[in-house]
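Remarks on the overall topology
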Amino acid sequence: MEMKIIFFLLSFTIFELSSAQLRVGFYSSSCPRAESIVKQVVQQRFRTDRSITAALLRMHFHDCFVRGCDASILIDSTKSKSSEKDAGPNLTVRGFELIDEAKRNLEAACPSSVSCADIITLATRDAVALAGGPAYNVPTGRRDGQVSDSSEVNLPGPSLSISDAAQFFTAKGLTLNDMVVLLGAHTVGVAHCGFFRDRLSDFQGRGKPDPTMDPALAARLLRICGTQSRPLNRDPTVFLDQNTSFIVDKQFYNQIKSRKGIMQIDQELALDKLSAPLVSRLAANDALFQQSFANAMIKMGRVEVLVGKAGEIRKNCRVFNPTKPKGRTG
């Protein structure tokens with residue numbers, strides 16, 4: 001037990017030291033226009049596709065929860081190696097072309113200076129602000145990872161209990177409160193019926209809908225999605241926030257308090273005694289949500305980051321830099 005405690009403390013210390021090397025304005029000398037270049041690309045995309053906010057939030061989360069915030073999710077698979085991008089939970093992650101465009105523009109302005117990991121973090125921050133969420137400064141200085149393996153992708157599923165889901169977050173140095181706030185990202189975005197169809201007609205094999213879901217909502221979703229035994233031929237999507245579907249605000253919490261959560265884990269947030277008190281506070285106070293969301297996003301962006309000389313700065317976010325040949329010795 002003593003050795004486990006020492007190992008945990010050592011790991012936490014390393015995490016604190018590495019994340020402390022991030023700083024706001026990291027590129028002020030090496031690439032002064034870095035953040036404005038990323039923002040311009042995000043603004044251009046947001047004008048025609050407001051759903052990009054949800055896409056980038058999901059990409060950022062899925063990246064940081066596997067090997068830390070190192071842009072390993074951006075790597076393309078090869079014939080011999082399946083990358084994170086092709087793991088089951090990541091098959092519907094999108095927005096990669098936006099990151100590519102930002103990277104091309106940054107390489108033209110400041111070659112080999114700005115990491116793909118920082119591009120994800122900055123682009124997500126900018127998209128959140130454009131969608132009515134908080135405008136906040138994020139520290140930068142991340143480096144890009146050199147490993148991407150689909151077998152390492154293990155993310156919290158939509159049917160987990162609050163306590164089980166919290167274990168995923170605490171393993172990354174995040175608290176239960178952080179989890180409640182970060183799941184507030186479901187204020188934007190959609191879910192495929194396959195992720196919640198079991199709640200609509202035969203929940204846990206009982207032949208009835210999930211009793212924690214508003215009956216009118218369950219009936220409406222059943223018409224859209226079909227049943228587990230007779231799903232529709234396609235896998236439609238529905239908005240996670242039924243009210244302000246493209247706006248980053250506190251309405252998601254009001255929705256789950258009214259038993260209108262789409263995903264089971266979302267609804268559990270409002271029912272579980274561990275999370276319900278914070279849900280109520282967030283639902284009642286948009287300023288609290290905005291500040292809490294900004295803080296939680298900044299904190300998540302520090303998870304297991306690579307800094308200093310660790311990792312690399314990719315020239316192309318989809319592939320690792322070529323390995324430099326070792327010089328002769330002797």
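From a predicted model like this one, the values you see are computed outputs, not experimental measurements.

A few points about the overall build of the protein chain
For the protein chain, the count of helices and strands is 12 helices and 2 strands. Mapped from its N terminus to its C terminus, the protein chain presents α and β elements in the order α-α-α-α-α-α-α-β-α-β-α-α-α-α. Expected size for 330 residues packed as a compact globule is a radius of gyration near 20 Å; at 21 Å, the protein chain falls within 12% of this value. Overall, the C-alpha framework of the protein chain stretches about 75 × 55 × 45 Å when taken along its three principal axes. Per-residue burial for the protein chain yields a buried fraction of 49% across its 330 residues. Taking all contacts inside the protein chain whose residues are at least 6 apart in sequence as the whole, residues at least 24 apart take part in 75%. When the accessible surface of the protein chain is split by element, carbon and sulfur atoms take 55% of a total near 16,000 Å². Here the protein chain contributes 42 positively and 33 negatively charged side chains, and the mean placements of these two sets differ by 2 Å.

Concerning the environment of D272
Relative to the helices and strands, D272 resides in the loop between α10 (264-271) and α11 (276-284). Along the sequence, D272 and S161 sit 111 residues apart, while their C-alpha atoms lie 8.7 Å from each other. Among the polar contacts made by the side chain of D272, one reaches the main-chain amide nitrogen of L274 at a distance of 2.8 Å.

Side note on the confidence of the model for the protein chain
Looking at the protein chain as a whole, its pLDDT mean stands at 91, while 91% of the residues score no less than 70. Every residue in residues 1-15 scores below 50 in pLDDT, and together they form 3 contacts with partners more than four places removed in sequence or on other chains.

With respect to the state of the cysteines
Per the counting criterion, the structure on display carries 4 disulfides. Covalently, C31 is tied to C110 through a disulfide, its sulfur atoms 2.1 Å apart. On the sign convention where negative is left-handed, the bridge of C31 and C110, at about 75° about the S-S bond, is right-handed. Here C31 is found in the loop between α1 (2-20) and α2 (34-48), whereas its partner C110 is found in the loop between α4 (96-109) and α5 (116-130), with 79 residues between them in sequence. Judged by relative accessible area, which is 1%, C31 ranks as buried. You can call C110 buried: its relative accessible area is 10%.

A word on the UniProt feature "binding site: substrate" (unreviewed entry) in the protein chain
The sites that carry the UniProt feature "binding site: substrate" (unreviewed entry) are, in the present numbering, P156. When you line up the elements, P156 lands in the loop between α5 and α6 (162-170). In contact with P156, other than residues within four places in its own chain, are F61, F168 and F169.

Quick look at the pattern of salt bridges
Per the stated rule, a full pass over the model turns up 17 salt bridges. We note a salt bridge from R45 to D49, for which the minimum N-O separation is 3.2 Å. Under the relative-accessibility criterion, D49 is labelled buried at 17%. In this structure, D76 and R318 form a salt bridge, with 3.2 Å as the shortest nitrogen-oxygen distance.

Some points on the nonpolar core
Core analysis: the biggest nonpolar cluster contains 91 residues, and M59, L74, I99, F196, Y253, L269 and F293 have the highest contact counts within it. Sequence-distant contacts of M59, that is, excluding residues within four places in its chain, are made with I73, L74, V93, R94, G95, F96, I99 and I120.

Remarks on the packing of aromatic side chains
Under the criterion given, the structure shown has 8 aromatic pairs. Look at F252 and Y253: their rings are 5.2 Å apart centre to centre, the planes differ by 75°, and that puts the pair in the edge-to-face class. Across the pair, Y253 and F252 agree in class, each one buried. Plain terms: the ring middles of F289 and F293 are 5.4 Å apart, the flat faces sit at 35° to each other, and that makes the pair tilted. With F289 and F293 both in helix α12 (residues 286-300) and 4 residues apart, the pair spans about one turn of that helix. A residue is classified by how much of its surface remains accessible, and F293, at 0% relative accessible area, is buried.

Notes on unusual backbone geometry
Unlike most non-glycine residues, Q204 shows phi in positive territory, near 55°. By the element assignment, Q204 lies in the loop between β1 (190-192) and α8 (215-225). Phi is positive for R259, which is not a glycine, with a value near 65°. Residue placement: R259 occurs in the loop between α9 (251-257) and α10.

Cut-offs and rules
Each residue is numbered by its place in its chain's sequence as written, counting from 1. Totals for whole chains, interfaces and linings use every residue, but because this is a predicted model, local features are given only for residues with pLDDT of at least 70 and side-chain atom pairs only at 80 or more, for both listing and counting. The side-chain values count all of the structure's non-hydrogen atoms but skip hydrogen atoms and water molecules. Each helix is a run of H or I in the DSSP string that is no shorter than four residues. Each strand is a run of E no shorter than two, and both are numbered from the N terminus. Using C-alpha atoms as the atom set, the radius of gyration is obtained and then compared with a globule rule of 2.2 Å times the number of residues to the power 0.38. Throughout this description, buried means an accessible area under 20% of the type-specific maximum (1.4 Å probe, protein chains only), exposed means over 50%, and partly exposed covers the range between. Contacts are residue-level and defined by heavy atoms, with any inter-residue pair within 4.5 Å sufficient. Computed with a 1.4 Å probe, the accessible areas rest on the Shrake-Rupley method; for each residue, only the protein chains presented here act as cover. Asp and Glu are treated as the negative residues and Lys and Arg as the positive ones, with His and the ends of the chain left uncounted. Every charge is mapped onto a representative atom, which is NZ of Lys, CZ of Arg, CG of Asp or CD of Glu. Within 3.5 Å is the distance limit for a polar contact, defined as a pair of N or O atoms, with the added protein rule that one can donate a hydrogen and the other accept it, and that residues adjacent in sequence qualify only through two side-chain atoms. Per residue, pLDDT captures the predictor's confidence, and it can take any value from 0 to 100. Disulfide: a pair of cysteine sulfur atoms within 2.5 Å of each other. UniProt positions are given in the numbering used here, feature names are shortened, and annotations may be inferred rather than shown by experiment. A pairing counts as a salt bridge when a side-chain nitrogen of Lys or Arg comes within 4 Å of a carboxyl oxygen of Asp or Glu. Note on terminology: a nonpolar core comprises buried Ala, Val, Leu, Ile, Met, Phe, Trp, Tyr and Cys residues joined through side-chain atoms within 4.5 Å. Stacked, edge-to-face and tilted labels apply to pairs of Phe, Tyr and Trp rings (six-membered ring for Trp) whose centres lie within 6.5 Å, assigned for plane angles under 30 degrees, over 60, and everything in between, in that order.

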